[in-house]
Amino acid sequence: MKLSCISFLSKLLILQYLLLRCLSDQDFAFFYFIQQWPGSYCDTKHSCCYPKTGKPIADFTIYGLRPNYNDPSFPSNCDPHSVLDKSKISDLVKNLEKDWPSLSCPSSNVIRLWSHEWIQHGTCSESKLIQHNYFETALKLKKKLNLLQILKNAGIEPNDKFYNQYSFLDAIQEATGFLPGIECNRDSSHNSQLLKVYMCVDTSGSKFIECPGVPMGSCGAKVQFPKF
């Protein structure tokens, strides 16, 4: 009798676990595709550590591809046992090193960064994107959304000059058809600098969509676009 009760409870716990996994995987409404300007990141930290491959080129880099709900909340860490398997993304590593580098100090560990992003965020989209597809999708979105060129076409250059924050928003919206979100940091002189750009993507990861809500805080009226 006791064994049958234990067996029943075990099955119940497994079913609850599978239900929670199913809900966490399938209920997200869209992705935030986030790119970061390294010049601002390095100013924020007062320093940054370059990858073994050397200083990244002066371009936006991938910050994350993150599932979100329609409200401000988001799923996270949906399957901590689904660890990053580098062998599954071996064909992507060269492009990931270029477009999704780590600049953190004291030591730059890009595998640890990708692993964190996969476990924390990627596992919550496994019903749509397996591990290889998750990273490949981020790279494709980066290629599709050339933020630096979009801004340059609008006369906005990373030259330490200050621009109206709406200049960034208008330029990206005009080029993509969708309103982005931006996030700023403050350098040691308390200047507001463009740090991150958020775009919303459908759950397949294939196309940009209108955001149900985008970050618009932390930026001053005038925003610096620092050199890198």
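Cut-off values and rules
- Residues numbered from 1 in each chain as written.
- Predicted model: local features only at pLDDT ≥ 70, side-chain atom pairs only at ≥ 80, totals over all residues.
- Heavy atoms only, no water.
- Phe/Tyr/Trp six-rings, centres within 6.5 Å; stacked < 30°, edge-to-face > 60°.
- Helix = DSSP H or I, 4+ residues; strand = E, 2+ residues; numbered from the N terminus.
- Buried < 20%, exposed > 50% of the residue type's maximum accessible area, 1.4 Å probe, protein only.
- Lys NZ or Arg CZ within 6 Å of the ring centre and 35° of its normal.
- Core = buried A, V, L, I, M, F, W, Y, C linked by side-chain atoms within 4.5 Å.
- Contact = heavy atoms within 4.5 Å.
- Disulfide = S-S within 2.5 Å.
- pLDDT = per-residue confidence, 0-100.
- Lys, Arg positive; Asp, Glu negative; His and termini not counted.
- Salt bridge = Lys/Arg side-chain N within 4 Å of Asp/Glu carboxyl O.
- Polar contact = N/O pair within 3.5 Å; in protein donor to acceptor, adjacent residues only side chain to side chain.

Some points on the packing of aromatic side chains
Inference 1: Tallying each qualifying case throughout the model produces 13 aromatic pairs.
Inference 2: The interplanar angle of 50° and the centroid separation of 5.6 Å between the aromatic rings of Trp-100 and Phe-135 together place this pair among those described as tilted. Taken as a pair, Trp-100 in the loop between α3 (93–99) and α4 (110–120) and Phe-135 in helix α5 (residues 131–144) lie far apart in primary sequence, 35 residues in all. Phe-135 matches Trp-100 in its accessibility class, with the two residues each being buried.
Inference 3: Aromatic ring contacts, followed pair by pair, group Trp-37, Phe-60, Tyr-163, Phe-168 and Phe-225 into a single cluster.
Inference 4: Positioned over the ring face of Phe-228 is Lys-55, at 4.6 Å from the centre of the ring.

What to know about the nonpolar core
Inference 1: The biggest cluster of nonpolar side chains holds 44 residues, and the ones touching the most others in it are Phe-33, Phe-60, Trp-114, Phe-135, Leu-151, Leu-194 and Phe-225.
Inference 2: The element best represented in this core is α5, accounting for 5 residues.
Inference 3: The residues contacting Phe-60, other than those within four sequence positions of it, are Gln-35, Gln-36, Trp-37, Pro-38, Lys-142, Leu-147, Leu-148, Leu-151, Leu-194, Val-197 and Phe-225.
Inference 4: Formed by 6 residues, the second largest nonpolar core is a distinct cluster that contains Phe-30, Tyr-32, Tyr-198 and Cys-211.

Quick look at the state of the cysteines
Inference 1: Considering all chains together, one arrives at 5 disulfides under this definition.
Inference 2: Here Cys-49 connects covalently by a disulfide to Cys-105, the sulfurs 2.2 Å from one another. In this structure the cystine formed by Cys-49 and Cys-105 twists about its S-S bond by roughly 115°; its chirality is therefore right-handed. Here Cys-49, found in the loop between α2 (38–45) and β2 (61–68), pairs with Cys-105, found in the loop between α3 and α4; they are 56 residues apart in sequence, far enough to count as distant.
Inference 3: Looking at Cys-49, the relative accessible area reads 19%, which means it is buried.
Inference 4: The partly exposed category is assigned to Cys-105, whose relative accessible area is 39%.
Inference 5: Between Cys-184 and Cys-219 runs a disulfide, and the two sulfur atoms are separated by 2.0 Å. Disulfide Cys-184-Cys-219: torsion about the S-S bond near 95°, hence right-handed.

Topic: the confidence of the model for the protein
Inference 1: With 89% of its residues at a pLDDT of 70 or more, the protein shows a mean pLDDT of 89.
Inference 2: Note on residues 17–25: pLDDT under 50 across the span, and 13 contacts to partners over four residues away in sequence or across chains.

Looking at α2
Inference 1: Residues Pro-38, Gly-39, Ser-40, Tyr-41 and Cys-42 constitute the buried set of α2.
Inference 2: The elements touched by buried residues of α2 are β1 (30–36), β4 (181–186) and β5 (192–201).
Inference 3: His-46 sits one or two positions beyond α2 and adopts a positive phi of about 65°.

Details of the side chain of Asp-187
Inference 1: By the element assignment, Asp-187 lies in the loop between β4 and β5.
Inference 2: No salt bridge is formed by the buried Asp-187, whose closest oppositely charged neighbour, Arg-186, lies at an N-O distance of 7.5 Å.
Inference 3: Reaching out from Asp-187, the side chain makes a polar contact with the backbone nitrogen of Ser-189 at a distance of 2.9 Å.
Inference 4: One polar contact links the side chain of Asp-187 to the main-chain amide nitrogen of Asn-191, over a distance of 2.8 Å.
Inference 5: Once residues within four sequence positions are removed from consideration, Asp-187 is found in contact with Asp-43, Gln-193 and Gln-224.

Quick look at the pattern of salt bridges
Inference 1: Within this structure, the stated rule accounts for 4 salt bridges.
Inference 2: The salt bridge involving Arg-66 is made with Glu-117; its shortest N-O contact spans 2.8 Å. In this pair, Arg-66 sits in strand β2 while Glu-117 sits in helix α4, placing the two residues 51 residues apart along the sequence.
Inference 3: Exposure remark for Glu-117: the relative accessible area of 2% places this residue in the buried category.
Inference 4: Two residues, Lys-196 and Glu-183, come together in a salt bridge whose shortest N-O distance is 3.7 Å. Here Glu-183 lies in strand β4 and Lys-196 lies in strand β5, a separation of 13 residues in the sequence.
Inference 5: You can call Lys-196 buried: its relative accessible area is 9%.

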